[in-house]
Amino acid sequence: MNGTIDSSILVYLKSLTLLCVEDNKTTQLLYQSIFEDLLSNVILADNGEDGYEKFQNQKIDLIIVDYDMPILNGIDMIKKIRDVDKEIPIILVSAIQDIDVIVQALQLNVNNFLKKPIIVSEVMQAIENVSKLIFAGNYLKEQREKKIRELERKEEYNSYQEDLAFSKELNIVRNDFYYKMLDTKRTTLVDFLYKPLDILSGDAYSARKICDKRVFYFIVDGMGKGLSASLSSMLLTAYVNHVLDKMVEDFSLEKLIKSALEYIKPIILDEEALSAEFIVMDYKNSTMQYSKFAMPPSLTQSIDNEVIKIRSNNPPMSKFTDDFTVSQTDISKITKLLFYSDGLVENSVREKGKLYANFIENDFLRSFTKDELKEKLLYKIDAQEDDMTFIFINQLPSSQKEKRITKTFESTLNAVEEANDWYTDIWSGFTTNYKLAYNAGVVFSELFMNAYEHGNLGLDAKTKHRLLSEDIYFTTLEELQRNCDKQITVTIDIIEANSNRYMATLIKDEGQGFNTNILREIFKDRDNFNGRGIYISRQSSLGLYYNSEGTSVLFLHKA
């Protein structure tokens, strides 16, 4: 029987132990005869419970298990195994072709399936396939271990550790609004700048959705440098996020801050302190609750273009902090807000003897988007001297809207072409800047096509790539659109701000939407083919924002 196995892995098979879980004695004997000369050891089990016990007590390399068994069936045994081992290769054998069983098996990462009655050649092929997986996995593991050993002998290992540390920091920082707009009565756009000076950052932040109408923002700045400040900031941020996860249904800002203080006070050193701000935006009641611990004043802009500062209402957090104040302010007439850490304003600028604190108020007033503020900041500073973090919120007021244009399109390829021509015509009457109009057209074309194919027609990226490779993409679109009565609505707002004009384009489809949490991964991995269109769209605009359901996307351009 060995002749049916790839000769390149026969030697490798001799080192493996196979667990066969089967209640039928005849089938057990068949397995014994097939594998006794191939593998190092073949262990037999009479049912799922017996199989799981032997899996726990012995070193097993791969498993072949029957589905229909007494006491504990194959699927239930696999579930128990996957709780402790996500990777061990498993072959499931079944006499039935129940789709529910197959779906469960796939969800449990079963590597191969066999039908009863057993066919020897199919068993051999399945064993060969999973053995190659084990061989490849072990090879990759050995290569990783070899690379680590090499890194440990070189200076690059320090860089490797720093990358891991920064990845950990990014996991601690939580952002529920990564390239998303808030679903409030006003179009609310939230953007972030997180620019640590070193890998071990003394700054951290979080932006969390409490419910449909309330949002929590948090910034912490370790008052010091080095590992101690970074650890304190990251520990506090991780704890705040943990508490938020537990109290979403019964959120209280006072309880959150009290709990955070109780947690961090025993950790920080006697001479250490933390600056922090805890903010809750309540869009239903148009109020903002805040507790600011020695943070620079938050900036807000009123509908009359007046900058209003919100100053700290608490001293720094320390081992001796017992009490704190929570204040509240009205935000019904506020159009923009800026929360930031000290590193932003304490940075020296090119103008001798001055800090960015001398310019931030005016730059905030003249910036409609985060990108514009960031551009002004980086232009003025000579070199970054500290961690820089800010949260920029723009609540677009209807009073700023100079003009609104709305048009609805069908879900057809002809409508896609019609929409692109219509949008190009609008831009030609809006600006003479050809490059700007071209960039806007590229973004519109990409996002409108997404609304058509992914939104209304429900075509996922994997299927699209397959259809393209088979050269049946457009014929499939034509077939799908025949039975689609969903529409795409485009709304364009021309907005006047700071003597400038901006075009905010909103594309809304009637599809099922998508999990917008994947946007973070798309923008981290710009080279991945999936999502590259979204990444390019962001790079070609002042901002890109999806609603929480993933059925609407808004993008901005400045004329």
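Residues numbered from 1 in each chain as written. Predicted model: local features only at pLDDT ≥ 70, side-chain atom pairs only at ≥ 80, totals over all residues. Heavy atoms only, no water.

Brief notes about the overall build of the chain
Move 1: Counting its secondary structure elements, the chain contains 18 helices and 22 strands.
Move 2: Projected onto its principal axes, the C-alpha positions of the chain cover 85 × 70 × 50 Å.
Move 3: Counting across all 559 residues of the chain, residues that qualify as buried make up 50%.
Move 4: A total accessible area of about 27,800 Å² is found for the chain, and carbon and sulfur atoms account for 48% of it.
Move 5: Taken as two groups, the 66 positive and 85 negative side-chain charges of the chain have centres that lie 4 Å from each other. (Helix = DSSP H or I, 4+ residues; strand = E, 2+ residues; numbered from the N terminus. Buried < 20%, exposed > 50% of the residue type's maximum accessible area, 1.4 Å probe, protein only. Areas by Shrake-Rupley, 256 points an atom, 1.4 Å probe, with all protein chains shown as cover. Lys, Arg positive; Asp, Glu negative; His and termini not counted. Charge placed at Lys NZ, Arg CZ, Asp CG, Glu CD.)

A few points about the sheet that holds strand 10 (residues 214–222)
Move 1: Taken together, the six strands give an open sheet; going across it, the order is 6-9-10-11-12-15, and neighbouring strands pair in mixed fashion. This sheet does not close on itself; its edge strands, each paired only once, are strand 6 (174–175) and strand 15 (327–330).
Move 2: Helix-sheet contacts for helix 8 (residues 227–246) involve strand 6, strand 9 (203–211), strand 10 and strand 11 (274–282), and the interaxial angle to strand 10 is about 165 degrees.
Move 3: Relative to the sheet, helix 9 (residues 253–264) contacts strand 10, strand 11 and strand 12 (287–293), its axis offset from that of strand 11 by approximately 160 degrees. (Pairing = 2+ DSSP bridges. Contact = heavy atoms within 4.5 Å. Axes fitted to C-alpha atoms, helices over the stretch in contact; angles between N-to-C directions.)

Structural notes on the packing of aromatic side chains
Move 1: All told, the structure shown has 23 aromatic pairs when counted by the stated rule.
Move 2: Joined through ring pairs, the aromatic side chains of Phe-409, Trp-422, Tyr-423, Phe-444, Phe-448 and Phe-555 make up one cluster. (Phe/Tyr/Trp six-rings, centres within 6.5 Å; stacked < 30°, edge-to-face > 60°.)

Observations concerning the pattern of salt bridges
Move 1: By the definition in use, this model includes 20 salt bridges.
Move 2: Where Lys-292 meets Glu-277, a salt bridge forms, and the shortest distance between an N and an O atom there is 2.5 Å. Placement of the pair is Lys-292 in strand 12 and Glu-277 in strand 11, with a sequence separation of 15 residues.
Move 3: Between Asp-363 and Arg-366 there is a salt bridge, with its nearest N and O atoms 3.2 Å apart.
Move 4: Beyond isolated ion pairs, a larger network of salt bridges with shared partners links Arg-174, Asp-176, Arg-208 and Asp-245. (Salt bridge = Lys/Arg side-chain N within 4 Å of Asp/Glu carboxyl O.)

Describing the sheet that holds strand 1 (residues 17–21)
Move 1: Strand order in this open sheet of five strands is 2-1-3-4-5, and the pairing throughout is parallel. The sheet is open, and its two borders are formed by strand 2 (41–45) and strand 5 (112–115), each paired with just one other strand. Neighbouring strand axes in the sheet, compared pairwise and without regard to direction, differ in orientation by 20 degrees on average.
Move 2: Direction of pairing for strand 3 (residues 62–66) relative to strand 4 (residues 90–94): parallel, over a ladder of four bridges. For Ile-63, the partnering residue across the bridge sits in strand 4 and is Ile-90.
Move 3: Helix-sheet contacts for helix 2 (residues 25–35) involve strand 1, strand 2, strand 3 and strand 4, and the interaxial angle to strand 2 is about 175 degrees.
Move 4: Against the sheet, helix 3 (residues 48–57) engages strand 1, strand 2 and strand 3, with an angle of about 140 degrees to strand 2.

A short note on the packing of helix 14 (residues 434–456) against helix 16 (residues 473–482)
Move 1: With their axes 11 Å apart at the nearest point, helix 14 and helix 16 run at an angle of 65 degrees to one another. The orientation of helix 14 relative to helix 16 falls into the category roughly perpendicular. Along its contact with helix 14, which presents Met-449, Tyr-452 and Glu-453, the element helix 16 presents Tyr-473, Leu-477 and Gln-481.
Move 2: In terms of residue class, the contact of helix 14 with helix 16 is made up of four nonpolar, one polar and one charged. (Parallel < 35°, antiparallel > 145°, perpendicular 65-115°, else oblique. Nonpolar A, V, L, I, M, F, W, Y, C, P; charged D, E, K, R; others polar.)

Quick notes on the environment of Lys-209
Move 1: Along the polypeptide, Lys-209 turns up in strand 9.
Move 2: For Lys-209, a relative accessible area of 35% gives the class partly exposed.
Move 3: Through-space distance from the C-alpha of Lys-209 to that of Asp-176 is 6.3 Å; in sequence the pair is 33 residues apart.
Move 4: Non-local contacts of Lys-209, meaning those with residues more than four positions away in its chain, are made with Asp-176, Phe-177, Arg-214 and Ser-548.

Focus on helix 9
Note: α-helices contain 3.6 residues per turn, so residues at a spacing of three or four share the same orientation.
Move 1: Helix length check: helix 9 (12 residues) gives 16 Å between terminal C-alpha atoms against 16 Å at 1.5 Å per residue, within 8%.
Move 2: Regarding helix 9, the residues found buried are Leu-253, Leu-256, Ile-257, Ser-259, Ala-260, Leu-261 and Ile-264. (Expected span 1.5 Å × (residues − 1).)

Observations regarding the pairing of strand 17 (residues 388–396)
Move 1: By the criterion of burial, strand 17 is predominantly enclosed, with nine of the nine residues buried.
Move 2: Of the two faces of strand 17, the one holding Met-388, Phe-390, Phe-392, Asn-394 and Leu-396 and the one holding Thr-389, Ile-391, Ile-393 and Gln-395 are both buried throughout.
Move 3: Looking at chain direction, strand 8 (residues 187–195) and strand 17 are connected through nine bridges and run antiparallel. Counted as the bridge partner of Thr-188 is Gln-395 from strand 17.
Move 4: As paired strands, strand 16 (residues 334–340) and strand 17 are joined by five bridges and run antiparallel to one another. Opposite Lys-336, over in strand 17, you have Asn-394 as the bridge partner.

As for a negative patch on the surface
Move 1: On the surface, Glu-417, Glu-418, Asp-421 and Asp-425 cluster together to form a negatively charged patch.
Move 2: By relative accessible area, which is 45% here, Asp-421 ends up partly exposed. (Patch = residues over 30% accessible without salt bridge, like charges linked within 9 Å, V, L, I, M, F, W, Y side chains within 5 Å.)

A short note on a nonpolar patch on the surface
Move 1: Nonpolar side chains collect at one region of the surface, where Ile-99, Ile-102, Val-103, Leu-106 and Phe-113 lie side by side and expose about 420 Å² of accessible area between them.
Move 2: Residue placement: Val-103 occurs in helix 5 (residues 99–107).
Move 3: With relative accessibility at 36%, the residue Val-103 sits in the partly exposed group.

Thoughts on the packing of helix 3 against helix 4 (residues 74–84)
Helices that pack against each other are described as a pair by the angle of their axes relative to one another and the distance between those axes.
Move 1: Where helix 3 meets helix 4, the axes come as close as 9 Å, and the angle between the chain directions of the two elements is 20 degrees. When the interaxial angle is binned, helix 3 and helix 4 end up roughly parallel. Here helix 3 and helix 4 pass one another in a crossing that is right-handed. Across the interface between the two elements, Gly-48, Gly-51, Tyr-52 and Phe-55 of helix 3 pack against Met-77, Lys-80, Ile-81 and Val-84 of helix 4.
Move 2: Classifying every residue of the contact of helix 3 with helix 4 gives five nonpolar, two polar and one charged. (Left-handed = near helix turned anticlockwise from the far one by under 90°.)

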